[in-house]
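Residues per chain, in single letters:
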Amino acid sequence: MSSSDARPSRGATRDDVARLAGVSSAVVSYVVNDGPRRVADATRARVLDAIEKLGYRPNAAARTLITGRSDLLGLIVPDVRNPYFAALAQAMEIAARARSMNLVLAQGVTGNLEALVETLTGHLVAGIVTATIPEPEAVAVTLRHHVPLVRMSLAVPTDRTALWPDYYGGARAAVQHLVEVHGHRSVALVIGSDHPERPDGPMDDRERGWRDALENAGLSTEHVIRVHWSAAGGREAAAALAEHPEVTAVFVAADQQAIGLIAGLHQAGRAIPGDIAVASFDGSPEAEFTVPPLTTVRIPLEELAADAVAEVLGTPANAQPYPTSLVVRESCGCSA
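Residues numbered from 1 in each chain as written. Predicted model: local features only at pLDDT ≥ 70, side-chain atom pairs only at ≥ 80, totals over all residues. Heavy atoms only, no water.

Draft legend 1. Inspection of the pairing of strand β8 (residues 249–252) at higher detail. Residues A249 and F251 point to one face of β8 and V250 and V252 to the other, with burial holding for every one of them. Note: strand β6 (residues 187–192) against β8, four bridges, orientation parallel. If you follow L189 over to β8, its bridge partner there is F251. Where β8 lies against strand β9 (residues 277–282), three bridges are found, and the strand directions are parallel. Bridge pairing in β9 links V250 to V278. Viewed along the sheet, the connection from β8 through helix α12 (residues 255–267) into β9 turns out right-handed. (Buried < 20%, exposed > 50% of the residue type's maximum accessible area, 1.4 Å probe, protein only. Helix = DSSP H or I, 4+ residues; strand = E, 2+ residues; numbered from the N terminus. Pairing = 2+ DSSP bridges. Right-handed = clockwise from strand over helix to strand, strands pointing away.)

Take a look at the structure:
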């Protein structure tokens with residue numbers, strides 16, 4: 001075998017595509033990079049056809065050097081094990097790919113995001129979406145590098161670049177369902193906290209929804225159990241419910257906690273929903289497979305993800321809470 005036979009064949013270049021499509025190489029660049037100049041639909045179709053026939057693959061590294069941005073989008077979540085954040089990551093990946101972008105998933109919590117954000121910006125990401133509230137130092141990094149930052153899910157609603165579901169309305173609807181449909185007169189709240197022993201932070205909208213639903217029905221709001229945002233925290237809440245014997249229903253602020261709560265209630269020999277009904281918040285896929293299946297407030301993750309990617313790319317997204325929906329299953333007492 002000769003040395004020329006051993007050499008790999010040259011891949012198609014932008015000039016090759018231009019010759020086959022009958023356009024300039026600049027036009028090929030406009031099509032591949034979706035700008036900066038508009039290309040007529042017929043011309044774009046010829047270029048895309050030539051790209052497919054030749055198997056042309058744009059040089060991502062070169063494009064990054066030219067534009068100062070890659071095709072990467074960073075997503076930061078606080079816990080990749082949480083079913084909700086796993087579902088969020090999947091929705092974000094689908095939305096990113098629909099816009100010819102690739103997702104970089106990272107895990108971090110508030111107070112420790114500065115270095116992580118610095119790393120992501122160092123890779124010239126086109127933008128960062130975070131489901132963790134970033135500290136001011138982390139925000140300053142994105143401002144310094146001119147990288148768009150979109151806060152999702154746990155964002156502060158007053159932020160113009162925040163996307164958030166209707167935590168308040170969803171929680172209120174779930175509690176109203178327990179009270180008005182099933183007749184419960186004592187509904188506890190199980191809610192997460194990074195520091196359950198020091199519940200001194202701002203009130204979560206899910207807690208406000210729970211309180212307002214009960215107060216409007218003339219019911220007590222004294223039964224609050226604060227545990228960590230985890231399945232283990234939910235199991236601890238099941239044990240803590242022994243101190244609230246009058247409680248006949250529970251609204252849980254997150255599906256991951258509810259999954260642990262259901263396990264703990266089973267371990268304690270308490271029937272669901274016979275002894276105690278359960279409703280939750282998130283709408284994660286795992287909620288359908290608990291025993292019994294979990295009633296939960298579903299968040300429109302696909303819509304949130306698509307709008308988050310659009311926001312990063314410069315299209316202003318929805319400035320209002322995204323509507324949630326109550327998915328009724330057996331854990332609250334409804335029939336299958």
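Draft legend 2. Fine view of the packing of aromatic side chains. Taken as a whole, this structure holds two aromatic pairs when the rule is applied. Their ring planes at 70° and their centres at 5.0 Å tell us that Y84 and F85 sit as a pair that is edge-to-face. The exposure classification of Y84 matches that of F85, with both residues buried. (Phe/Tyr/Trp six-rings, centres within 6.5 Å; stacked < 30°, edge-to-face > 60°.)

Draft legend 3. Just the packing of helix α2 (residues 14–21) against helix α3 (residues 25–32), in detail. Two elements in contact, α2 and α3, have axes separated by 8 Å at closest approach and are oriented at 105°. In terms of orientation, α2 lies roughly perpendicular with respect to α3. Judged by residue contacts, R14, D15, V17 and A18 of α2 engage S25, V28 and S29 from α3. Partitioning the contact of α2 with α3 into residue classes produces three nonpolar, two polar and two charged. (Axes fitted to C-alpha atoms, helices over the stretch in contact; angles between N-to-C directions. Parallel < 35°, antiparallel > 145°, perpendicular 65-115°, else oblique. Contact = heavy atoms within 4.5 Å. Nonpolar A, V, L, I, M, F, W, Y, C, P; charged D, E, K, R; others polar.)

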